[in-house]
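# Tertiary structure, described
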Amino acid sequence: MGLDVGIRTRAGDFADAVMKATGGKGANLVVNNVGGSVFPETIRALAYEGRHATIGYVDGVLKSEIDLETLHTKR
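Quick summary incoming for the structure in this document.

What counts, and at which threshold
- Residues numbered from 1 in each chain as written.
- Predicted model: local features only at pLDDT ≥ 70, side-chain atom pairs only at ≥ 80, totals over all residues.
- Heavy atoms only, no water.
- Helix = DSSP H or I, 4+ residues; strand = E, 2+ residues; numbered from the N terminus.
- Buried < 20%, exposed > 50% of the residue type's maximum accessible area, 1.4 Å probe, protein only.

### Quick notes on unusual backbone geometry
Although it is not a glycine, Glu 49 adopts a positive phi angle of roughly 60°. Along the chain, the position of Glu 49 falls in strand β2 (residues 46–54). Positive phi outside glycine occurs at Arg 75, with the angle close to 60°. Here Arg 75 is to be found in the segment after α3 (68–74). Assessed through its relative accessible area of 69%, Arg 75 is described here as exposed.

What follows is the structure, given as structure tokens:
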């Protein structure tokens with residue numbers, strides 16, 4: 001149980017790095033403790049049928065726009 005790849009997520013454009021690190025598959029589980037400001041990017045970083053958990057709102061952003069096509073491609 002070690003860290004294989006570290007990805008800086010504060011910049012808000014980390015989905016491409018996640019895809020590269022996973023060979024284009026995406027993350028099986030995304031735990032979002034930041035909040036709405038990174039929500040769309042966390043959906044982009046998900047694998048097909050991946051799981052997403054929002055557990056906090058450190059950024060104080062409780063609303064976010066989402067690309068429904070991206071969400072549907074992840075199921």
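Okay, back to it.
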